[in-house]
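The residues making up each chain are set out below.
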Amino acid sequence: MDDFLIVGGGVIGMMSALRLAEAGASVTLVERQRCAHEASWAGGGIVSPLYPWRYDAPVTALASYAEQFYPQLAEQLAAATGIDPQFTPGGIFYLRVEDVASAKAWASAFDKRLETASPALLETKLSQLTASSYPALWMPDLGSIRTPRLGKALRERLKQLDHVTLVEHTEVYRVHVNAGTALGVETSQGLIEGGHVVVAGGAWSARIIEPLGSVLPIYPVKGQMLLFKAAPGLLEHVVLMNGHYLIPRRDGLILAGSTFEDVGFDKSLPEEGYRQLYAQALEILPELKHCEVVQHWAGLRPGTPGSIPFIGALPEVARLSINAGHFGNGVMMAPAAGQLLADLLLGNVPIVDPAPYQPKNATSERLL
Ligand SMILES: Cc1cc2nc3c(=O)[nH]c(=O)nc-3n(C[C@H](O)[C@H](O)[C@H](O)COP(=O)(O)OP(=O)(O)OC[C@H]3O[C@@H](n4cnc5c(N)ncnc54)[C@H](O)[C@@H]3O)c2cc1C
């Protein structure tokens, strides 16, 4: 029996498994499809909360750890697996910002580099952008990661470790509990016994824990994306405007996102979503009208009030923890969320104060 049994093979489950395994623990990870095929594939990969100054301190704490760690993680994964997740620095530009004063106050309080983007800077970095971009800000230390490659590289890395067992195409029906203690999971392939069980099932996590009497507000929030095929160099920086964004990849592909839809577990692709994303993308970068749209998809973010994830022990059942509810920031938060969970499970000094994320501390406000 392994030390830990993780349910869910998105970036959160895989980073949790990696951090536990690197510390010497044995881990089984159970995923109902192939790893990294849900939100962790669909996500854009901006390595920052969208407008970071609009979040509460617990989000900033995980983001601050993860942002500085990403370049190193991408390098390590590329060297170990030959799959480069393409962490791309270059900063993030924010156009037509309505709350510049709040952004600056936040940057000063948390010691973040945030600059006013002057017309000269925009002309140098983003000459092809829409004309009416001001007021504009720039956070030069941020970047993006290519999410499908990150998922593939993490999966490959876990497969290389002999004390990690990946059990894919196996659905967990319920956590197996006896005398108030989690002993494993009942699955489509039968009972898998395990040590400490960790639920990292993304938007599906609440469904997995509810039969145990554990109620946490983790709910699906659908996001649609469009992928444009552009010539390399048309856009070289992540740009946000009016809540929408463009993310360039190194080969010229440009992602345009995203919608936030409260429609349950529905990943359909209505024409309206396409039209909305297309119009917003062209408003930021009119040149895109000459580029073909090569893909349109949707994913389900694991939504939570305030975007604050639940990381830690579930009080209702012994030997059962959760790492879920990272909302629109799970790709970015994954290295921090995986490390924090591993610290808690292994009894190490945690990388950040764990209190705001612990299910047992969930205030009634967070449970509404
Ligand atoms: C359109 C869009 C854009 C986004 N952009 C960004 C961004 O730019 N930056 C950022 O940081 N984040 C972004 N996100 C958010 C990010 O993708 C998520 O927060 C993150 O992927 C969540 O990871 P996860 O591992 O918790 O969930 P998932 O990736 O959804 O993984 C959960 C896994 O659990 C498995 N599972 C569920 N139930 C069971 C079961 N019963 N048995 C076995 N397995 C099960 C699922 O199959 C799935 O593989 C975006 C999301 C979307 C949808």
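Since the model is a prediction, treat every value here as computed from it, not as a measurement.

Colleague: Residues and numbers for helix α9 (residues 330-346), please.
Modeller: Helix length check: α9 (17 residues) gives 22 Å between terminal C-alpha atoms against 24 Å at 1.5 Å per residue, within 8%. Of all the bends in α9, the largest measures some 35° and sits at A336. The element α9 is largely enclosed, with a buried count of 14 among its 17 residues. Backbone geometry just after α9 places G347 at a positive phi near 75°.

Colleague: Give a detailed account of the pairing of strand β9 (residues 190-193), specifying residues and quantitative values.
Modeller: Note that strand β8 (residues 181-187) and β9 share four bridges and pair antiparallel. Across the sheet, the residue bridging to E186 is L191, located in β9.

Colleague: An account of the sheet that holds strand β2 (residues 27-30) is requested, with residue identities and associated values reported.
Modeller: Across the sheet, which stays open at both edges, the six strands sit in the order β6-β2-β1-β10-β17-β16 with mixed pairing between neighbours. In this open sheet, the two strands that pair with only one neighbour each are β6 (164-167) and β16 (310-313). For this sheet the average axis-to-axis angle between neighbouring strands, irrespective of direction, equals 15°. Note that strand β10 (residues 196-199) and strand β17 (residues 320-324) share three bridges and pair parallel. Bridge pairing links V199 to I322 in β17.

Colleague: Explain a positive patch on the surface residue by residue, including any values.
Modeller: A surface patch of positive charge is lined by R34, R149, K152 and K159. A residue is classified by how much of its surface remains accessible, and R149, at 31% relative accessible area, is partly exposed.

Colleague: Describe the site of the ligand, listing the residues and the values that go with them.
Modeller: In the neighbourhood of the ligand, 37 residues make up the surrounding shell, with E31, S40, I46, F327 and M332 lying closest. In this structure, G328 approaches the ligand through a main-chain N or O atom, which is 2.9 Å from a nitrogen atom. Separating an oxygen atom of the ligand from a backbone N or O atom of M332 is a distance of 2.7 Å. Broken down by secondary-structure element, the contributors of at least two residues to the shell around the ligand are α1 (11-22), α2 (39-42), β11 (219-229), β15 (292-303) and α9. The residue inventory of the shell around the ligand, partitioned by class, reads 15 nonpolar, 17 polar and five charged. Two domains each put at least three residues into the shell around the ligand: domain 1 (4-54 + 149-217 + 305-367) and domain 2 (89-142 + 219-303).

Colleague: So what's going on with the pattern of salt bridges? Residues and values would help.
Modeller: Two side chains bearing opposite charge may form a pair once their charged atoms approach each other closely. In total, this model carries 15 salt bridges according to the counting rule given. Here R155 makes a salt bridge to E168, at a shortest N to O gap of 2.8 Å. Placement of R155 in helix α6 (residues 147-160) and of E168 in the loop between β6 and β7 (172-178) is noted, with a sequence separation of 13 residues between them. In this structure, R155 and E168 share a single accessibility class: buried. Note that R275 and E272 form a salt bridge whose closest N and O atoms lie 3.2 Å from each other. Here R275 and its partner E272 are both found in helix α8 (residues 271-284), three residues apart, which amounts to about one turn of the helix. Overlapping salt bridges bring together R32, E38 and K267 as one network.

Rules used throughout
Residues numbered from 1 in each chain as written. Predicted model: local features only at pLDDT ≥ 70, side-chain atom pairs only at ≥ 80, totals over all residues. Heavy atoms only, no water. Helix = DSSP H or I, 4+ residues; strand = E, 2+ residues; numbered from the N terminus. Expected span 1.5 Å × (residues − 1). Bend = angle between axes of the 7 residues up to and from the residue. Buried < 20%, exposed > 50% of the residue type's maximum accessible area, 1.4 Å probe, protein only. Pairing = 2+ DSSP bridges. Axes fitted to C-alpha atoms, helices over the stretch in contact; angles between N-to-C directions. Patch = residues over 30% accessible without salt bridge, like charges linked within 9 Å, V, L, I, M, F, W, Y side chains within 5 Å. Areas by Shrake-Rupley, 256 points an atom, 1.4 Å probe, with all protein chains shown as cover. Salt bridge = Lys/Arg side-chain N within 4 Å of Asp/Glu carboxyl O. Lys, Arg positive; Asp, Glu negative; His and termini not counted. Charge placed at Lys NZ, Arg CZ, Asp CG, Glu CD. Near = heavy atom within 4 Å. Polar contact = N/O pair within 3.5 Å; in protein donor to acceptor, adjacent residues only side chain to side chain. Nonpolar A, V, L, I, M, F, W, Y, C, P; charged D, E, K, R; others polar. Domains from an automatic or database assignment.

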